[in-house]
Amino acid sequence: TMSSTEKTQEQLQDELDALNAQITSQGATVRTLKKEGGSADAISAAVDQLQKLKIAAAGLSEKLKGNEKEFNRRSFDDLVLRKMFVVPSFEIHGGVKGLFDLGPPACALKAAMIDLWRKHFVLNEQMLEMECTNLTPEVVLKTSGHVDRFTDLMVKDPPTGECFRADKLLEDAIDNLLEENPTMPVEEKEDHLRIQRQADAFSPKELDDLLVKYNCKGPSGEAYSPSFPFNLMFKTSIGPEGTAVGYLRPETAQGLFVNFRRLLDLNAGRTPFAAAQIGTGFRNEIAPRSGLLRVREFCMAEIEHFVNPKDKDHPSFGTIAEKELVLFGRDDQLGSGKTKKVTCGEAVKTGLINNQTLAYFMARTQLYMEKIGMDPKRLRFRQHLATEMAHYAADCWDLEIKSSYGWVECVGHADRACYDLEVHSKATKTPMVATKKLDKPVEIEIGKLKFNRKLLGQAFKADQRVVSGILEGMAENWEDFAPVAEALEKDGKTTVEGFEITKEMVTWTKTKKKVHEIKFTPSVIEPSFGMGRILYSLLEHSFDQREEDEQRCVMKFNPQVAPEKCAVLPISSNPDCNAIVDEIVTDLMESDIATRVDKSGATLGRRYARADELGIPFAVTVDFQTVTDGTVTMRERDSMMQIRLPKEDVTTLLFMIVHNKTTWEGAKQKYPAVQSVEEGAAPASEPTIVETTTRSSLRRPDPSTIPDIAKVPSKPKASEFDFSSFDKEMATKSYVGGWTFSDADSAAFDKFTSVPDKTKFPHAYRWFTHIAARTGKVVRSPPPATAVTKTAPAPAPPAKKEEPAPAPA
């Protein structure tokens, strides 16, 4: 039964979901008013309502935050910078906003993510991968629409030439005015706020007038220049003449679109097929913020899946039909405000997702995120509202990942219809079509055209072949040509792709034609991955702190993408140990398993902590027992549990785990567990004390809880154990926190013929009492020579988890 407190929390969440739905709906209303040129009063009233809803939602969010585990941003940022995951670019020169460098750990993490992406998508789907140039001619981006998009109004400070975003200057000026005049009448204050809320909707002339009205001046003290549109693409010139304009690409997709014909030929003319590209995109963000979430240079991975617009089924859809996704459809965004968990099959069947191919890639994206270690509970797919989608798009879904910044769009999935290929085809007069062979020939209706070449030549001169080609292409399918024919019959003229055609220029006849194949311009299904945003989200999802010590931070990377898979640590600087370490590392590296070696003099627990901060999932420790029997311990990062295994098995086991062929649970079933208590970890259940020496911190059993060893029966003195030499050997060893016993220690104990004298042999006595307390072993008297008796077996050692023994006999 749910408690009253839980019910309250649930009710608050329901209220918040409902408010978020209202905010989404009201936001759509505001966008529509601005887009359609609504009156200032109507826009203002709509924005006022939107702000009230946001304030109410913020209040509810604060109430709900009390029950959530707070993200420790200070510790996270410290770890990311200190371990050099991400650092500001050109830091010693003051840095540049929106530019970051990936340090060695993040560089390896990104490489592993991309490698897994390539295997998951490109290899698995047999995609055609390309690498196109970053530098793109203006004509390409003019055709795609990018030159006319991505613009914000900017102003300059004339003496310095420094640029500023005009709407932000206006907003800041109003904030300053209100702050300097706290007693301003309410009505006057509301007038200023109304203007501030509409700052991004004003025309250049309106913005200029308002900047003058609010006395906005540049750092030099002079008035700003007239506002002008600023394109977010990086513009440059190609070649020494400076006449050819180019841009650093804002996306990777255009290189795939313009190569469509060659890709189709390479694929033997078969459709559907997909092309992919991983590369860098550039956007000259005016106000970069939120770390890696909004930067000026970023890695993208994009797929362009070309498919028949009349058949968007996917041949592999059955493999993911039962995969459940968390979907936030547009109706739910405007209604309940709640997400739904729906299978892909059901979502396509009900029309929630437009087609099988779009749903297939959404499911594959979800599986990829789970593979790299993203928290599935913090993933959802949000459908674009009608006001957000481009006019040509059939359906769009964003994979959003929840981080400390809220829900962040990281992967876009768009059914872009035929738009991209059509615009490049029209601009270049190049057919961008595919064909589908029919099992049986069919009859289709076409238009048979006859041109008046004289009139075409007089009207279009050099373009007459272009015009006739356009009309002939449309006439291959009567459905395409019918609107042109109707317009010519009714009005005597019509416009086709910018050319005005009159009825006198062309005559036509509707007829039938038997065809063996159908030509079509493919639709494009485009999953677009922002790898930088995914990388940042993975850093947040992997960050954790030990419950027993918040100072011990851990990056819980999945072994498949962890920057380094294993740390190899010698317990001592002993040459024999170091030789074995080098042997193990060489074997691991030859198997392409990234490995870190730490031979520093720090305690073993401290070296474990260093590996945890870098997200290394496994640590192999070479101890003194390794020298005697060739076994090592392997520690798993998240549980801190250890197993002991032959050193020859290390590479094979790690290779199987890293390549997802086995698991740590399987390894624990195969190899014996080792008792371990690390520095900073919770103490063992039995009473212990910690002693500090000049060499280390020691954890050992509390002497008051150890049985009276003096009462343990002894063997005859005739076979007295050589305590003197054993004590000298033990004097060279130190007990670190988490010291445990091994088979070698147990065997040595069985050789004892009596209890070592505490005064004469303190080191041997210390070792002896530890083994006795941990195993329950005792020194037993031998049976009489004439007696034939059976001795009860010693009790089995308790199965506990401690680190390997540094000092075997």
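What follows concerns the overall build of the protein. What the protein contains, in helices and strands, is 26 helices and 31 strands. Contacts spanning at least 24 positions in sequence make up 69% of the contacts within the protein whose residues lie at least 6 apart. Carbon together with sulfur atoms contributes 51% to the accessible area of the protein, which is approximately 41,600 Å² in total.

The next subject is the pairing of strand 9 (residues 244-248). In terms of strand pairing, strand 4 (residues 135-137) meets strand 9 through 3 bridges, oriented antiparallel. Counted as the bridge partner of Leu135 is Leu248 from strand 9. Bridge analysis of strand 8 (residues 234-238) against strand 9 gives 5 bridges, and the strand direction is antiparallel. Residue pairing across strands places Ser237 opposite Val245, the latter belonging to strand 9. The antiparallel pairing of strand 8 with strand 9 creates a hairpin that spans 5 residues between the two strands, and Gly239 there sits at a positive phi of about 95 degrees.

Let us look at the environment of Met531. For Met531, the location among the structural elements is in helix 18 (residues 531-542). Classification of Met531 by relative accessible area gives buried; the value is 3%. Remark: the alpha-carbon pair of Met531 and Phe298, spanning 233 residues in sequence, is separated by 7.6 Å. Residues within four places of Met531 in sequence aside, it is in contact with Met113, Ile114, Cys299, Met300, Ala301 and Tyr368.

Reading across the sheet, the 3 strands line up as 6-5-7 and stay open at both edges, with antiparallel pairing between neighbours. The sheet is open, and its two edges are formed by strand 6 (162-165) and strand 7 (228-231), each paired on a single side. Shown here is a sheet whose adjacent strand axes are inclined to one another by a mean of 55 degrees, direction ignored. Together, strand 5 (151-157) and strand 6 form the strand contacts of helix 6 (residues 166-180), whose direction differs from that of strand 6 by roughly 70 degrees.

The set of residues buried in helix 3 (residues 73-82) consists of Ser75, Phe76, Leu79 and Val80. For helix 3, the angular spread of the buried residues around the axis is 130 degrees, confining them to a single face. Its buried side turned inward, helix 3 meets strand 1 (86-88), helix 18, strand 22 (543-546), strand 23 (549-555) and helix 20 (604-613). The positive-phi residue at the C-terminal boundary of helix 3 is Met84, with phi of around 60 degrees.

This next bit is on the pattern of salt bridges. In this structure the tally under the stated criterion is 34 salt bridges. Glu613 is the partner of Arg82 in a salt bridge, and the nearest nitrogen-oxygen pair spans 3.1 Å. Taken together, the residues Arg82 in helix 3 and Glu613 in helix 20 connect sequence positions 531 residues apart. Given the relative accessible area of 6%, Glu613 is considered buried. For Asp420, the salt bridge goes to Arg416, with nearest N and O atoms at 2.6 Å. A single burial state applies to Asp420 and to Arg416, both of which are buried. Through salt bridges with shared partners, a single network forms among Asp78, Arg82, Lys83 and Glu613.

Glancing now at the nonpolar core. In this structure, Trp117, Tyr368, Met369 and Ile534 are the most contacted members of the largest nonpolar core, which totals 65 residues. Not counting the four nearest positions on each side in its chain, Met369 is found in contact with Met374, Leu379, Leu399, Ile401, Val411 and Ile534. Within the second largest apolar cluster, 24 residues are counted, among which are Val620, Met634, Met641 and Ile643.

It is worth spelling out the sheet that holds strand 10 (residues 273-282) at this point. The strand order 3-10-11-21-16-15-14-12-13 describes an open sheet built from 9 strands, whose pairing is mixed. Across the chains shown, the open sheet's two edge strands, defined by having one partner strand only, are strand 3 (128-130) and strand 13 (340-343). Going across the sheet, the axis of each strand differs from the next one's by a mean of 30 degrees, ignoring polarity. The sheet contacts of helix 4 (residues 104-125) involve strand 3, strand 10, strand 11 (297-307) and strand 21 (523-530), and relative to strand 11 the element is tilted by about 0 degrees.

Calculation rules
Residues numbered from 1 in each chain as written. Predicted model: local features only at pLDDT ≥ 70, side-chain atom pairs only at ≥ 80, totals over all residues. Heavy atoms only, no water. Helix = DSSP H or I, 4+ residues; strand = E, 2+ residues; numbered from the N terminus. Contact = heavy atoms within 4.5 Å. Areas by Shrake-Rupley, 256 points an atom, 1.4 Å probe, with all protein chains shown as cover. Pairing = 2+ DSSP bridges. Buried < 20%, exposed > 50% of the residue type's maximum accessible area, 1.4 Å probe, protein only. Axes fitted to C-alpha atoms, helices over the stretch in contact; angles between N-to-C directions. Arc of directions from axis to C-beta. Salt bridge = Lys/Arg side-chain N within 4 Å of Asp/Glu carboxyl O. Core = buried A, V, L, I, M, F, W, Y, C linked by side-chain atoms within 4.5 Å.

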